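Listed below, chain by chain, are the residues.
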Amino acid sequence: MADFLSQEEIDSLMDINAGGGDIDSHIDLKSVEYVAFNFKRPNRISSDQVRTINYLHDKILRDLSSNFSSKIKKLVDIKLLPIDQVTYNEFTMSLPDETNFNILSLAPNEGRMAIESNPQFSRMVINYLMGAEKELKDGQVDIITELEINIFNHFLNIVSELLAKTWEPIAKMSYKIEAQDKNPHNTMLVASSDVVIIV
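Rules and cut-offs
Residues numbered from 1 in each chain as written. Predicted model: local features only at pLDDT ≥ 70, side-chain atom pairs only at ≥ 80, totals over all residues. Heavy atoms only, no water. Helix = DSSP H or I, 4+ residues; strand = E, 2+ residues; numbered from the N terminus. Contact = heavy atoms within 4.5 Å. Areas by Shrake-Rupley, 256 points an atom, 1.4 Å probe, with all protein chains shown as cover. Patch = residues over 30% accessible without salt bridge, like charges linked within 9 Å, V, L, I, M, F, W, Y side chains within 5 Å. Salt bridge = Lys/Arg side-chain N within 4 Å of Asp/Glu carboxyl O. Lys, Arg positive; Asp, Glu negative; His and termini not counted. Charge placed at Lys NZ, Arg CZ, Asp CG, Glu CD. Axes fitted to C-alpha atoms, helices over the stretch in contact; angles between N-to-C directions. Parallel < 35°, antiparallel > 145°, perpendicular 65-115°, else oblique. Nonpolar A, V, L, I, M, F, W, Y, C, P; charged D, E, K, R; others polar. Phe/Tyr/Trp six-rings, centres within 6.5 Å; stacked < 30°, edge-to-face > 60°. Buried < 20%, exposed > 50% of the residue type's maximum accessible area, 1.4 Å probe, protein only. Pairing = 2+ DSSP bridges.

**Notes on the overall build of the chain**
Looking only at helices and strands, the chain has five helices and five strands in total. Taken from N to C terminus, the helices and strands of the chain fall in the order α-α-β-α-β-β-α-α-β-β. In the chain, once contacts between residues fewer than 6 apart in sequence are set aside, the share between residues at least 24 apart is 68%. For the chain, the accessible area works out to roughly 13,900 Å², and carbon and sulfur atoms hold 54% of it.

**Some details on a negative patch on the surface**
A surface patch of negative charge is lined by Glu-8, Glu-9, Asp-11 and Asp-15. Positionally, Glu-9 belongs in helix α1 (residues 7–18).

**Description of the packing of helix α4 (residues 119–129) against helix α5 (residues 146–167)**
Where α4 contacts α5, the two axes come as close as 9 Å, and the packing angle between them is 85°. By the angle class used here, α4 and α5 are roughly perpendicular. Contacts between α4 and α5 involve Phe-121, Ser-122, Arg-123, Val-125, Ile-126 and Leu-129 from the former and Glu-148, Ile-151, Phe-152, His-154 and Phe-155 from the latter. Of the residues that constitute the contact of α4 with α5, the class distribution is seven nonpolar, two polar and two charged.

**Description of the packing of aromatic side chains**
Any aromatic ring pair is given by two values, namely how distant the centres are and how the planes are angled relative to each other. Within the structure shown, the criterion is met by five aromatic pairs. Between Phe-68 and Phe-155 the ring centres are 5.4 Å apart and the planes differ by 65°, which places this aromatic pair in the edge-to-face class. Taken together, the positions of Phe-68 in helix α2 (residues 47–72) and Phe-155 in helix α5 put the pair 87 residues apart, joining distant regions of the chain. For the pair shown, Phe-68 and Phe-155 are each scored as buried. A relative accessible area of 6% means that Phe-155 is categorised as buried. Among the aromatic residues, ring-to-ring pairing joins Phe-68, Phe-121, Phe-152 and Phe-155 into one connected group.

**Section: the pattern of salt bridges**
Taken as a whole and assessed by the stated rule, the structure comprises seven salt bridges. Note that Glu-168 is salt-bridged to Lys-172, the shortest N-O span being 3.9 Å. Lys-172 sits in the exposed class, given a relative accessible area of 64%.

**Some points on the sheet that holds strand β2 (residues 100–107)**
Pairing within the open sheet is antiparallel, and its three strands lie in the order β3-β2-β4. The two strands at the open ends of the sheet, each matched to only one other strand, are β3 (112–117) and β4 (174–181). Shown here is a sheet whose adjacent strand axes are inclined to one another by a mean of 30°, direction ignored. Strands β2, β3 and β4 of the sheet are contacted by α5, whose axis makes an angle of about 145° with β4.

**Details of the pairing of β3**
Both β2 and β3 contribute to a ladder of six bridges, which runs antiparallel. Bridge assignment links Asn-102 to a residue of β3, and that residue is Ile-115. The hairpin turn running from β2 into β3, its antiparallel successor, is four residues long.

In structure tokens, the structure reads:
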């Protein structure tokens, strides 16, 4: 967060400048703290924007928890992980080769977004929507069929509706599933060096 000058400090600098002095000579460079800037991974989103995105998506997850709980008649608690800014290449490289990768259009905007759900999460959602009571063990995942992907799309439609409702005061957008792929490395949403936000 940037430090702001007090009125006293501003007046002092104005006096130095008015007297023809060099402002830099009055600053003790040894006491100044420097912040390293990473040119390879610049933060494109300000901390205030990240807080706003965090607040909006936290609301989406609360609504999704209650909506999903009412559908499956079980208590559901969904938590938001910290928001991160990475390049698109880093994002796709962090994903497994086999996953549920969904691309949504953001009409009327030209941008697109991706919703990735790992096979274990997708299987859990499908089981709950189909009324299955059994819990998945760690690492236990079957291949998801086309029919089950259609069932999972019902969940994605709920998420899309909540995204549109929550973002409406800021930007009115219509979220629609544009494409789906099992391998995220096949899909290029933006240039690999572009910064994306992971929520």
